[in-house]
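Each chain is listed here by its residues.
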Amino acid sequence: MRKPEYREEKTREIMEKCYECYCDNGLRDTGIKELGRYCGMTSANLYSYFPCVDDIIVKSTAHCMAQVEQEFMAKAPENIEELYRFIEEVPYWAAEKYGKKYRLMYQVYTHPKYIEYGKKFFEGVNERYTEYAQRLSPKLGISVEELSGFIFLFVRATVHYAMFEDEFYLKTQIKSLKTLLGTILNKGQSK
């Protein structure tokens, strides 16, 4: 009998491969046989891990987007100088590395069939980004409230760029974020 750790690891591997399959082929054009092919297993084997295709879609989306979020936040700046670099570089990194994943996430979470899962996922995002702000606040010398808002605006600009590679939108948002950051920092210095 296989250990529970093996099953958990295999489930994560399947979710990642299924998400990749959906990113490459889209939701509509991907059936259970194609998912099995990406995973190197039969459809029956997939069903031994997930009760239905909808479960694969929902769980693989949540799993893979949580990984993206962790990698994104691992790049978080440790000081103000790094914050400016972060603002300039991360949108391009995210577009190159995660553009397809973001596009699929929005396709899944805005689909009427899965929108409740999307709402739940984004409630978690709100909590996690607030926690990131709490961790970064002492390092950056910016209040949690101001930093939380900044993170939400920056992530929105980054995801929009990753999905559409709209340079005008990104440059406009980055300029506004830098102005906001300057205002926040100047306010902090004048105290």
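Heads up: these notes are all about the structure in this document. Residue numbers run consecutively from 1 along every chain, following the written order of its sequence. It should be noted that, the model being predicted, local features are given only for residues of pLDDT at least 70 and side-chain atom pairs only at 80 or more, the latter also being counted only at that level, while totals for whole chains, interfaces and linings use all residues. The basis for every side-chain value is the complete set of heavy atoms in the structure, and neither hydrogens nor water enter the calculation.

Topic: the pattern of salt bridges
Between Lys or Arg on one side and Asp or Glu on the other, a salt bridge is scored when a side-chain nitrogen of the former is within 4 Å of a carboxyl oxygen of the latter. In this structure the tally under the stated criterion is 16 salt bridges. Lys 97 is the salt-bridge partner of Glu 71, the closest N and O atoms lying 2.6 Å from each other. Note that Glu 71 is positioned in helix 4 (residues 53–74) and Lys 97 in helix 5 (residues 80–109), a separation of 26 residues in sequence. Between Lys 171 and Glu 167 there is a salt bridge whose closest N-O contact spans 3.7 Å. With Lys 171 and Glu 167 both in helix 8 (residues 167–189) and four residues apart, the pair spans about one turn of that helix. On the basis of relative accessibility, which here comes to 46%, the residue Lys 171 falls in the partly exposed class. One connected set of salt bridges, linked through shared partners, spans Lys 10, Glu 13 and Lys 17. Note on conventions: DSSP H or I runs of at least 4 residues are helices, E runs of at least 2 residues are strands, and numbering of each starts at the N terminus. Residue exposure (1.4 Å probe, protein chains only): buried if accessible area is under 20% of the type maximum, exposed if over 50%, otherwise partly exposed.

Some words on the nonpolar core
In terms of nonpolar packing, the biggest core is built from 61 residues, with Leu 83, Tyr 102 and Ile 142 touching the most fellow members. For this core, the secondary structure elements donating two or more residues are helix 1 (4–25), helix 2 (32–39), helix 4, helix 5, helix 6 (115–140), helix 7 (144–164) and helix 8. The element contributing the most residues to this core is helix 5, with 13 residues. Contacts: residue pairs with any heavy atoms within 4.5 Å of one another. Apart from the residues within four sequence positions on either side, Tyr 102 is in contact with Met 65, Val 68, Phe 72, Ala 94, Val 159, Ala 162 and Met 163. Definition of nonpolar core: a set of buried residues of the types Ala, Val, Leu, Ile, Met, Phe, Trp, Tyr and Cys, connected through side-chain atoms within 4.5 Å.

Here we look at the environment of Lys 100
With respect to the helices and strands, the residue Lys 100 is situated in helix 5. Residue class for Lys 100 comes out partly exposed when judged on its relative accessible area of 43%. Sequence-wise, Lys 100 and Met 163 are 63 residues apart; in three dimensions their C-alpha atoms are separated by 7.1 Å. Sequence-distant contacts of Lys 100, that is, excluding residues within four places in its chain, are made with Cys 23 and Asp 24.

Considering the packing of helix 4 against helix 6
For helices, the fitted line uses only the C-alpha atoms of the stretch in contact; every axis is such a line through C-alpha atoms, and the angle between N-to-C directions lies from 0 to 180 degrees. The contact between helix 4 and helix 6 brings their axes to 12 Å, and the two run at 15 degrees. With respect to helix 6, the axis of helix 4 lies roughly parallel. Crossing handedness for the pair helix 4 and helix 6: right-handed. Counted together, Val 58, Ala 62, Met 65, Ala 66, Glu 69 and Met 73 of helix 4 and Tyr 117, Phe 121, Val 125, Arg 128, Tyr 129, Tyr 132 and Leu 136 of helix 6 form the full contact between these two elements. The residue classification treats Ala, Val, Leu, Ile, Met, Phe, Trp, Tyr, Cys and Pro as nonpolar and Asp, Glu, Lys and Arg as charged. All others, Gly included, are polar. Considered class by class, the residues forming the contact of helix 4 with helix 6 number 11 nonpolar, no polar and two charged. Orientation is classified from the angle alone, with under 35 degrees giving roughly parallel, over 145 giving roughly antiparallel, 65 to 115 giving roughly perpendicular, and any other angle giving oblique. The crossing is said to be left-handed when, going from far helix to near helix, the turn is anticlockwise and less than a right angle, and right-handed when the turn is clockwise.

Regarding helix 2
An α-helical turn contains 3.6 residues, so any two residues separated by three or four positions project in the same direction. Buried residues of helix 2: Ile 32, Leu 35, Gly 36 and Cys 39, and no others. Down the axis of helix 2, the buried set is contained in an arc of 100 degrees. They therefore lie on one face. The exposed residues of helix 2 that point more than 90 degrees off its buried face are Lys 33 and Arg 37. Elements that come into contact with the buried residues of helix 2 comprise helix 1, helix 3 (43–47) and helix 4. Within this analysis, the arc is defined by the directions that extend from the helix axis to the C-beta atoms.

With respect to the packing of aromatic side chains
Each pair of aromatic rings taken from Phe, Tyr and Trp, with Trp reduced to its six-membered ring, is defined by centres within 6.5 Å and is described as stacked if the planes are under 30 degrees apart, edge-to-face if over 60, and tilted in the remaining cases. On inspection of all chains with the given rule, the structure shows 12 aromatic pairs. When the centroid spacing of 5.8 Å and the interplanar angle of 70 degrees are considered together, the rings of Phe 72 and Phe 86 count as edge-to-face. One end of the pair, Phe 72, is in helix 4; the other, Phe 86, is in helix 5, and 14 residues separate them in sequence. The exposure class assigned to Phe 86 is buried, which follows from its relative accessible area of 6%. Aromatic pair Tyr 98 and Tyr 102: ring centres 6.5 Å apart, planes at 80 degrees, arrangement edge-to-face. Here Tyr 98 and its partner Tyr 102 are both found in helix 5, four residues apart, which amounts to about one turn of the helix. Just as Tyr 98 is buried, Tyr 102 falls in that class too. Each member of the aromatic cluster is reached from another via a ring pair, and the members are Tyr 106, Tyr 109, Phe 121 and Phe 122.

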